[in-house]
Amino acid sequence: MDCLEERFQHRLALERIVSGIARNFVMLENPTDSINHALEEIGKYSRASRAYIFEFQEDGIFMNNTYEWCREGVASEMERLQNQKINSFPWWMAQIKEGDILNIKDVSKLGDEAQAEREILELQSVKSALIMPLMQRGILNGFVGFDNVDATGNWHDEDMTVLSIAAEFFSSVFNRLSAEKEIHNAKKELEVSLESLKHLQAQLIQQEQLVAIGQLAAGVAHEINNPLGFVMSNQKTLQNYANILKGYAEYCLERNEKPALSDSDRKELTYIVEDLDDVFSDINEGLVRVKKIIKSMRIFSRIDRMTDYEPYDVKEGIENTLVIIKSRLSGLGALKLNIDTPIPMIQAYGGKINQVLLNLIVNALDAIKEAHPNSPGEGCLEISTRTKRDKNERKIVEIQIVDNGIGMTDEVKNKLFMPFYTTKKIGKGTGLGMSIVYDIVKNSHAGEIIVESTEGVGTSITVQLPVNS
Amino acid sequence: MSKVIAFVDDEQQILRALKRLFFQTDYTCLFFDKGGDLIQYLESNKIDILVTDIRMPEMDGIALMHAVKRMQPKVIRIALSGYTDSRQILAALDSGLARLYIYKPWDNDQLLSKIEGLIRMNDQLADPSLLQEINGLGSLPTIPDLYAKITDLIEKEASAQEVARLVDSDPAIAGKLLRIANTAYYGLHTGSVQQAIVMLGMSNVRQIILTNSVFERAAYMPYAKDLWQHASLVNQGVAYLYSLCYGKSLPNHQGTAGLMHTLGLLFLATVKTDLYLELIEAVEKELQHSQTDNNQSIFDALETEFLPVRHPEIGSFLLNWWELPFDIIEVAYHYREPKPELIVNKELVAMVHLVSHVAFGLLGLTQFQYALDKEFCDANGNLTRHQLAIEDYLASLLTN
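Residues numbered from 1 in each chain as written. Chains lettered and ligands numbered in written order. Predicted model: local features only at pLDDT ≥ 70, side-chain atom pairs only at ≥ 80, totals over all residues. Heavy atoms only, no water.

As annotated in an unreviewed UniProt entry, chain B carries the name Stage 0 sporulation protein A homolog and comes from Fusibacter tunisiensis.

Looking up chain A in an unreviewed UniProt entry gives the name histidine kinase, with the organism given as Fusibacter tunisiensis. According to the UniProt record, the Catalytic activity (unreviewed entry) comment for chain A is "ATP + protein L-histidine = ADP + protein N-phospho-L-histidine." (UniProt positions renumbered as here; feature names shortened; annotations may be inferred.)

Structure (structure tokens):
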């Protein structure tokens, strides 16, 4: 009777301890404390000398003692029990790897197959031990152990059920800890990715700008090389003429008489005299052209215009853009400018508006080229501006660019502002132009952009910009 | 009868400037501001030279050159442009569409001398008696089908992949191409035709294929292996020297200058093997008699005695006939005894002149050696100070 009663009380106590541990684990406010507390509770209950937890490393080769409870007077072993080789204890692992609890009732009775284990335990004077496996996804990941140096056979077989529940609680705590760690790492990785994506985005936008500038530069180089070409050539020619005329002048000065002219001399002199005015005017025109395009470039690309929000002259902006891309306009059938004067200045990031104008006009010209590849004379580009009030009664300036190019299908129209969407051949477009235009108009300037297009007929893009921010 | 030059540019001021420049010359000059007008003119008239801008409305320079090439293929086509899109330009030069490309702004004197040089070389090589002599030596090598097909692809701006596929369709040529590419171009170690095309550029690949027939036929001739080794070394050496002097890499369309410059010799070896061997024997005998320090070009002196036409003329004739870039033709013609007043691209000729001389010396090919014109080398790139570096470089290539 007493024995049963005792065993019943014993069992009750254990269940109470385990449910206490379970409650603690569920809340898990402080994992380290909860685990240590659990070790202590079970350790004390079983009169163990030491309780410990070993966790396997990711390489599956080594394991470390990570938690420990020692009875008063028992020395701590945790520090030296790091980087233990898992396969030094094959019997041990084999017993617990399916999730079973290992109850070593008497160390001295361990057989030959547990040689290594017996040696180690006897070295520490352990008489009996209880080992609970820590499982993660069905694989052994570590174990919880209770060593007893005083007595053998402390655990009864009927305790095993309760203990396996305790083992599962331990396992779930470690699983939860590892899951939390994974989430934390994933979050860190995402943060890093986000940073690099932001970097990438900034780089791409900058690249797009450089591509635009590059295209610009090519056209501008041509625009400057032509006038420079004939100016330099004419200047040399002028030197020639001057030498010839000098010859005659010196002759006259020396001899004080007019030189005798052969037919070829006469021909040459006549040519020079008739040509001289033209040479000077050609040179002058050429230099003026170079001056003009450089001025436009300067205005167009002032860096401070990118970040300064200040008054912007829409008419001037359109005119400058047209000067910059002049070479692309040659051959165009018709270029109509309907600038509704006066246009009020608008508050804007001038450099960005220039970028918008450049993008839209170049796109229009490309569309025209595609529609009329062999007959550019049929191409027609019309740029209009007007002042009005939008639907919210804000005063706005409207810039409309109309072309008779290939137009857009509904699909293209819908994807027009999508980053990287392009209908151009590889290498001929980054697909970022329109998304940047969209960003500049809508986000940087609180404006609107309206697209109308018919496939095979043409496209009209209207940009509305508020006069005041 | 004076030569007729047609100038085409959509800018009247450019045409006026050119008119003034050419006023004092003996050429008959015509000026058009539209390509279409010239095409119309050509329907009942002939011209000798075309100088055209590239960027023009309605009909651009490339289209115009194609049309003129079709209508009157003998016209020398020259591009004069401020357009800096190098891809289109280089493609035109590479494919032989434009013989010369001059940038705006130009230097009046240089423009004149370049055009004159081009005309002069062209006249010399178009001389019917030269053709007769060369025909008399042996039949001209046939142009492989592959070459025409590749030219077609290049003009359509095909990708390296497409061209590689075409070359791979002829495994013999593909193999040879790779072998030639790997030995004649520094740093190229590839088993992939496509990679070779990308690294060499399509035009160089095309030229290798074109001239391969000569290299092939000469393969078993005496000294052919040596001459081939020499040509590969010079090709790499010129690229190296160019980067030493100018700090950038050799322009693509000059990339085979070293490889091709002794083509005439190889051709000679295949069509007149006996004469060729006799000539070399005679040179060797002469070398034994004269002092070893005497660097006179014994080969050149004897070549004139043995042959009606010398190998530089033969080589440049062939390269011209195949419409290779003008720079390469000039090099083949002038590499041994460069006469500055006759040469347009003096810098390139000087480089090949120096490197070829060094290479002949290094390989012990004294029979083919010629005297180095230090003055010419220094006047056109200050080259002799690099001579030791080139010797070391070529020597290092030999040991690898």
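(A) Region of interest: the overall build of chain B. Of regular secondary structure, chain B possesses 21 helices and five strands. The proportion of buried residues among the 400 residues of chain B is 56%. By element, 49% of the accessible surface of chain B is carried by carbon and sulfur atoms, the whole surface being about 17000 Å². (Helix = DSSP H or I, 4+ residues; strand = E, 2+ residues; numbered from the N terminus. Buried < 20%, exposed > 50% of the residue type's maximum accessible area, 1.4 Å probe, protein only. Areas by Shrake-Rupley, 256 points an atom, 1.4 Å probe, with all protein chains shown as cover.)

(B) Seen up close, the interface of chain B and chain A. Residue-level contacts link 23 residues of chain B with 28 residues of chain A. Three residues stand out in chain B for area buried against chain A, namely B:Gln13, B:Arg20 and B:Phe23, and they jointly supply 30% of the buried area on that side. At the junction of chain B and chain A, the tally comes to six salt bridges. A:Lys236 is the partner of B:Asp107 in a salt bridge, and the nearest nitrogen-oxygen pair spans 3.6 Å. Across the chain B-chain A interface, the total number found is ten residue pairs in polar contact (both at pLDDT 80 or more). For the side of chain B that touches chain A, the element with the most residues is helix H1 (residues 12–22) of chain B, which contributes six residues. Looking at the side of chain B that touches chain A residue by residue, the class counts come to seven nonpolar, five polar and eleven charged. (Contact = heavy atoms within 4.5 Å. Buried area = accessible area lost by both parts, 1.4 Å probe. Salt bridge = Lys/Arg side-chain N within 4 Å of Asp/Glu carboxyl O. Polar contact = N/O pair within 3.5 Å; in protein donor to acceptor, adjacent residues only side chain to side chain. Nonpolar A, V, L, I, M, F, W, Y, C, P; charged D, E, K, R; others polar.)

(C) Molecular detail of the UniProt feature "modified residue: 4-aspartylphosphate" (unreviewed entry) in chain B. In this structure's numbering, the residues bearing the UniProt feature "modified residue: 4-aspartylphosphate" (unreviewed entry) are B:Asp53. Residue B:Asp53 is classed as buried on the basis of its relative accessible area, which comes to 0%.

(D) Structural context of the sheet that holds strand E4 (residues 76–81) of chain B. Residues and elements named next belong to chain B. In space, the five strands of this open sheet follow the order E2-E1-E3-E4-E5, with parallel pairing throughout. Two strands bound the open sheet, and with one partner strand each, they are strand E2 (28–32) and strand E5 (100–103). Adjacent strand axes in the sheet meet at a mean angle of 20° when their direction is disregarded. Of the pairings in the sheet, the one linking strand E1 (residues 4–8) to E2 comprises five bridges and is parallel in character. Residue pairing for E2: Ile5 is matched across the bridge by Cys29. (Pairing = 2+ DSSP bridges. Axes fitted to C-alpha atoms, helices over the stretch in contact; angles between N-to-C directions.)

(E) Quick peek at the environment of B:Val205. Residues and elements named next belong to chain B. You can see Val205 is positioned in helix H11 (residues 202–218). Residues Val205 and Ile150 lie 55 residues apart in sequence; the distance between their C-alpha atoms is 9.3 Å. Aside from chain neighbours lying at most four places away, what touches Val205 is Leu177, Ala196, Ile197 and Leu200.

(F) Quick look at the packing of helix H12 (residues 224–246) of chain B against helix H21 (residues 387–399) of chain B. Residues and elements named next belong to chain B. It is at 10 Å that the axes of H12 and H21 come closest, and there the two elements cross at 135°. The angle between H12 and H21 falls in the class oblique. Viewed along their axes, H12 and H21 form a crossing whose handedness is right-handed. Between H12, through Gln229, Leu233, Gln236, Gly237, Tyr240, Leu241 and Leu244, and H21, the contact on the second element is made entirely by Ala389, Ile390, Tyr393, Leu394, Leu397 and Leu398. Partitioned by chemical class, the residues of the contact of H12 with H21 number ten nonpolar, three polar and no charged. (Parallel < 35°, antiparallel > 145°, perpendicular 65-115°, else oblique. Left-handed = near helix turned anticlockwise from the far one by under 90°.)

(G) Representation of the pattern of salt bridges in the model. Per the counting criterion, the structure on display carries 30 salt bridges over all chains. Put simply, A:Arg176 and A:Glu180 hold a salt bridge, and the shortest N to O gap is 3.6 Å. With A:Arg176 and A:Glu180 both in helix H5 (residues 160–255) and four residues apart, this pair spans about one turn of that helix. Accessibility expressed as a relative area gives 40% for A:Glu180, which makes it partly exposed. It is possible to trace a salt-bridge network through shared partners that takes in A:Asp275, A:Asp282, B:Arg16 and B:Arg20.

(H) Summary view of the side chain of A:His445. Residue and element names in this part refer to chain A. Mapped onto the elements of the fold, His445 is located in the loop between helix H12 (433–444) and strand E12 (448–454). Only 2.9 Å separates the side chain of His445 from the backbone nitrogen of Tyr349, close enough to count as a polar contact. Among all residues touching His445, those that are not within four sequence positions of it are Tyr309, Gln347, Ala348, Tyr349, Lys352, Ile353, Ile440, Leu465 and Pro466.

(I) Focus on helix H19 (residues 346–362) of chain B. Residue and element names in this part refer to chain B. The end-to-end C-alpha separation of H19 is 24 Å, in line with the 24 Å expected for 17 residues at 1.5 Å each. Of all 17 residues that make up H19, 13 are buried, and the element is covered over most of its length. Of the residues one or two after H19, Gly364 is the one with positive phi, at around 70°. (Expected span 1.5 Å × (residues − 1).)

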